[in-house]
Amino acid sequence: MHTHIALVVRATAAVVVVAALACGQPQTTVEHMEQHFEEVDAVKDAIIAGDLTAVKQPAAWLAEHEAAADLPGEWEPFVADMKAAAKTAEDATEISVAAVATAEMALSCGACHAAVGQGTAFAFMAQPEETGVTGHMLRHSWALDQLWRGLVGPSDELWQQGAQGLDEAPIQGGSEETRALGMRIHDLGAQATEAADPAARAVIYGELLSTCAGCHVAAGQGPTLAAGH
Ligand code: HEC
Ligand code: HEC
């Protein structure tokens, strides 16, 4: 199966910039995939920040972008699943719904990569060693990236690294609500180490995303999104 499949992007407002950068040329599969990864990463980061508004634009791109007619027929169900999940994330009025849909998107990325026997080799990312609440959060963020890459890859090794990265004492202080959410992260991390099936992993991932978002909203503090996304 050849990989130089030209995938055409529909020129919605959200992708005008991208289309301009690509000078109207059809993208290669690799370019298309890199854009997938950027957009889906932006969705994930918006959810972690608890910012449902920032979910919409990248989710809309993922829901609406078009693959070329020459995409082999057996791939279509994966693309359809991915777009349906993206649409759910785009339309979500609750962060927990968008979180589940985002995990399902990553699941369909990974399912296609596994089915076609091709996909991703992610660069190594060192686990942050900073101390204090910020260090704890940077490790959470690292762990969620590793789990994420584990789903998209798919990669058991990255999934396990992420799961084990959540295995540390929860932070103290805060309200009863935020302490409970902190405990929940670590419980879900323990469940993640046990989960072997991609669908079960995606369920845990969706809950993790909701829990990160829930605490940032409750604490009124958390990651700020970079300009643009
Ligand atoms: C319809 C099948 C299919 C779906 C769905 C799919 N991919 Fe891919 N992906 C591929 C194929 C095939 C390759 C290998 C392309 C190549 O190396 O030419 C690939 C490669 C990649 C790469 C590596 C690109 C590189 O730099 O070499 C990344 C990153 C990636 N995909 C991310 C994603 C993400 C994120 C999603 C979900 C939003 C996704 N893909 C959904 C088929 C798919
Ligand atoms: C117990 C509540 C709580 C939970 C649960 C929580 N966070 Fe946070 N997070 C905070 C607070 C409070 C801050 C701001 C304090 C700080 O950064 O020092 C923060 C800040 C952050 C930051 C910004 C760090 C920086 O550079 O300043 C990131 C990234 C982050 N969280 C990621 C995550 C991820 C990913 C998860 C889920 C695995 C998560 N957080 C779960 C409370 C929480």
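The coordinates are above.
Residues numbered from 1 in each chain as written. Chains lettered and ligands numbered in written order. Predicted model: local features only at pLDDT ≥ 70, side-chain atom pairs only at ≥ 80, totals over all residues.

## Considerations on the site of ligand 2
Residues in close proximity to ligand 2 total 23 residues, the closest being M137, H140, G182, C212 and C215. Of all the secondary structure elements, the ones that give two or more residues to the shell around ligand 2 are α6 (132-152), α8 (176-194) and α9 (198-219). Broken down by element, the shell around ligand 2 gets its largest block of residues, seven residues, from α6. Class assignment for the residues of the shell around ligand 2 results in 13 nonpolar, 10 polar and no charged. (Near = placed C-beta within 6 Å. Helix = DSSP H or I, 4+ residues; strand = E, 2+ residues; numbered from the N terminus. Nonpolar A, V, L, I, M, F, W, Y, C, P; charged D, E, K, R; others polar.)

## Here's the deal with the packing of α6 against α9
A pair of packed helices is characterised by two quantities: the angle between their axes and the separation of those axes. Here α6 crosses α9 at 150 degrees, and the two axes come no closer than 11 Å. Taken together, the axis directions place α6 and α9 in an arrangement best described as roughly antiparallel. Helix-helix and strand crossings are classified by hand; for α6 and α9 the assignment is left-handed. Between α6, through H140, L144, L147 and L151, and α9, the contact on the second element is made entirely by P198, R201, A202, Y205, L208 and C212. (Axes fitted to C-alpha atoms, helices over the stretch in contact; angles between N-to-C directions. Parallel < 35°, antiparallel > 145°, perpendicular 65-115°, else oblique. Left-handed = near helix turned anticlockwise from the far one by under 90°. Contact = placed C-beta atoms within 7 Å.)

## Quick word on helix α2 (residues 29-48)
Relative to the 28 Å expected for 20 residues at 1.5 Å per residue, α2 spans 28 Å between its end C-alpha atoms, a close match to the ideal helical length. Among all positions in α2, only Q35, E39, V40, A42, V43, K44, D45, A46, I47 and I48 are buried. Taken from the residues just after α2, G50 is the one with a positive phi, measuring 75 degrees. (Expected span 1.5 Å × (residues − 1). Buried ≥ 20, exposed ≤ 12 C-beta atoms within 10 Å, placed from the backbone.)

## Observations regarding the nonpolar core
Ranked by internal contacts, the top residues of the largest apolar core, which has 50 residues, are I47, A89, M105, A106, L147, Y205 and L209. Elements represented by at least two residues in this core include exactly α2, α3 (52-64), α4 (76-91), α5 (95-116), α6, α7 (156-165), α8 and α9. Of the residues forming this core, the biggest block, 10 residues, is contributed by α5. Discounting chain neighbours no more than four positions away, the residues touching L147 are W159, G162, A163, A192 and Y205. (Core = buried A, V, L, I, M, F, W, Y, C linked by C-beta atoms within 7 Å.)

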